[in-house]
Amino acid sequence: YTLTIQSPANATITKKALTVSGTVTAENKVYDGNTNAVVNGSGASLNGIIGSETVSFSTGGTFSDKNVGTGKTVDVTLTGADAGNYSLSYSTTADITPRTLVLSSGSVTAANKTYDGTRNAAVTAQSPSFSNVVSGDTVGVGTTGTFSNKDAVTGKTVAVTLTGGDSGNYQYSTTADITPKALTMNGLSVPASKTYDGTTAAV
């Protein structure tokens, strides 16, 4: 008999799927314009590794996207000399919190107001520039803001409304006052006379 091979025979070696025992965690982070995540797998182990091959959890994972959000999915990846022969379908969650803008020039101010029962604030921006906007992001300052609550207090925090395509990933605040609202009275309020009692109390 003779054997003639017409063409090379090809086959595929697919990656072996691993499972996880224990819990892998990811760290929350402040928005930085990328999807990189820091992962800690020290409290967990991988099941299914062949022999003494070198595979472990990578300290770097990947957020589902770069934007601010709570409980965002983080995909956990593998590292090690033999990691390319294995796959891992495992994810955890972490938060991306807003980046606080740092004003480098110009000004952003909120107007004081008399108590009106709302948290609305008026904001004025004079050519503001911020030193820590992620390269390529678009962020600006609007004309409104929100007081921390509606009550009359001095030096209250005002969260400034931001504009631009990436504004949801940033935050900026200033301060302003809410002063008490003066009431007027219809009719007459008469304090009662009293015998001296050593106090300033009046009815």
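Basis of the calculations
- Residues numbered from 1 in each chain as written.
- Predicted model: local features only at pLDDT ≥ 70, side-chain atom pairs only at ≥ 80, totals over all residues.
- Heavy atoms only, no water.
- Helix = DSSP H or I, 4+ residues; strand = E, 2+ residues; numbered from the N terminus.
- Rg over C-alpha atoms; globule rule 2.2 N^0.38 Å.
- Buried < 20%, exposed > 50% of the residue type's maximum accessible area, 1.4 Å probe, protein only.
- Contact = heavy atoms within 4.5 Å.
- Areas by Shrake-Rupley, 256 points an atom, 1.4 Å probe, with all protein chains shown as cover.
- Pairing = 2+ DSSP bridges.
- Core = buried A, V, L, I, M, F, W, Y, C linked by side-chain atoms within 4.5 Å.
- Salt bridge = Lys/Arg side-chain N within 4 Å of Asp/Glu carboxyl O.
- Lys, Arg positive; Asp, Glu negative; His and termini not counted.
- Polar contact = N/O pair within 3.5 Å; in protein donor to acceptor, adjacent residues only side chain to side chain.
- Axes fitted to C-alpha atoms, helices over the stretch in contact; angles between N-to-C directions.
- Phe/Tyr/Trp six-rings, centres within 6.5 Å; stacked < 30°, edge-to-face > 60°.

Trainee: Let's hear about the overall build of the protein chain: which residues, and what values?
Mentor: Secondary structure summary: the protein chain contains zero helices and 20 strands in total. Relative to a compact globule of 203 residues, whose C-alpha radius of gyration would be 17 Å, the protein chain shows 31 Å and is clearly more extended. Projected onto the principal axes, the alpha-carbon positions of the protein chain cover approximately 130 × 45 × 30 Å. Counting over 203 residues, the protein chain shows a buried share of 27%. Contacts in the protein chain between residues at least 24 apart in sequence constitute 57% of all its contacts with a sequence separation of at least 6. Looking at the protein chain as shown, the accessible area adds up to about 13,000 Å², and 50% of this sits on carbon and sulfur atoms.

Trainee: Give me the lowdown on the sheet that holds strand β3 (residues 29-30), citing residues and values where you can.
Mentor: What the six strands build is an open sheet, ordered β2-β4-β7-β8-β11-β3; its pairing is mixed. Either end of the sheet is taken by a strand with one partner, and the two such strands are β2 (25-26) and β3. As defined by bridge partners, β2 adjoins strand β4 (residues 36-40) across two bridges and the pair is classed as antiparallel. Paired with Ala-26 across the bridge in β4 is Val-39.

Trainee: Describe the pairing of strand β5 (residues 44-47), listing the residues and the values that go with them.
Mentor: Across the two faces of β5 the burial differs, with Ala-44 and Leu-46 buried and Ser-45 and Asn-47 not buried at all. Pairing of strand β1 (residues 16-22) with β5, which is carried by four bridges, proceeds in the antiparallel orientation. In the sheet register, Ser-21 faces β5, and the bridge partner there is Ser-45.

Trainee: Go over the nonpolar core, please, and point to the residues and values.
Mentor: With 36 residues, the main nonpolar core has Leu-78 and Leu-162 as its most contacted residues. Apart from the residues within four sequence positions on either side, Leu-162 is in contact with Leu-101, Val-139, Gly-140, Val-141, Gly-142, Ser-167, Tyr-170, Gln-171 and Tyr-172.

Trainee: I'd like a rundown of the environment of Ala-110, residues and numbers included.
Mentor: Note on placement: Ala-110 falls in strand β13 (residues 103-110). The spacing of Ala-110 and Ala-202 is 92 residues in sequence and 40 Å in space, taken between C-alpha atoms. Sequence-distant contacts of Ala-110, that is, excluding residues within four places in its chain, are made with Ala-122, Val-123, Val-158, Thr-174, Thr-175 and Ala-176.

Trainee: Quick one: what's the story with the pattern of salt bridges, residue by residue and with numbers?
Mentor: Throughout the structure, instances matching the rule amount to seven salt bridges. One salt bridge in this structure joins Lys-113 and Asp-116, with 2.8 Å as the shortest N-O distance. Bridged by salt links that share partners, the residues Lys-66, Asp-137 and Asp-166 form one connected network.

Trainee: An account of the side chain of Asp-82 is needed here, citing residue identities and associated values.
Mentor: The topology assignment puts Asp-82 in the loop between β9 (78-79) and β10 (86-88). Despite its burial, Asp-82 remains without a salt bridge, the nearest opposite charge being carried by Lys-15 at 12 Å. Within the structure, Asp-82 has its side chain in polar contact with the backbone nitrogen of Thr-54 (distance 2.7 Å). In this structure, Asp-82 is in contact with Glu-53, Thr-54 and Val-55, ignoring residues within four places of it in sequence.

Trainee: Explain the sheet that holds β13 to me, and be specific about the residues and the numbers.
Mentor: Within the open sheet, the five strands sit side by side as β13-β15-β16-β17-β19. Their pairing is antiparallel. Only two strands of the sheet have a single neighbouring strand rather than two, namely β13 and β19 (173-176). Adjacent strand axes in the sheet meet at a mean angle of 30°, parallel and antiparallel pairs treated alike.

Trainee: Describe the packing of aromatic side chains, and please don't skip the residues or the numbers.
Mentor: Scanning the entire structure with this criterion turns up two aromatic pairs. Arranged with centres 5.4 Å apart and planes meeting at 70°, the rings of Tyr-31 and Tyr-170 form a pair that is edge-to-face. With a gap of 139 residues between them, Tyr-31 in the loop between β3 and β4 and Tyr-170 in strand β18 (residues 170-171) connect regions that are remote in the sequence. Classification of Tyr-170 by relative accessible area gives buried; the value is 5%.

Read these as geometric descriptors, not functional statements.
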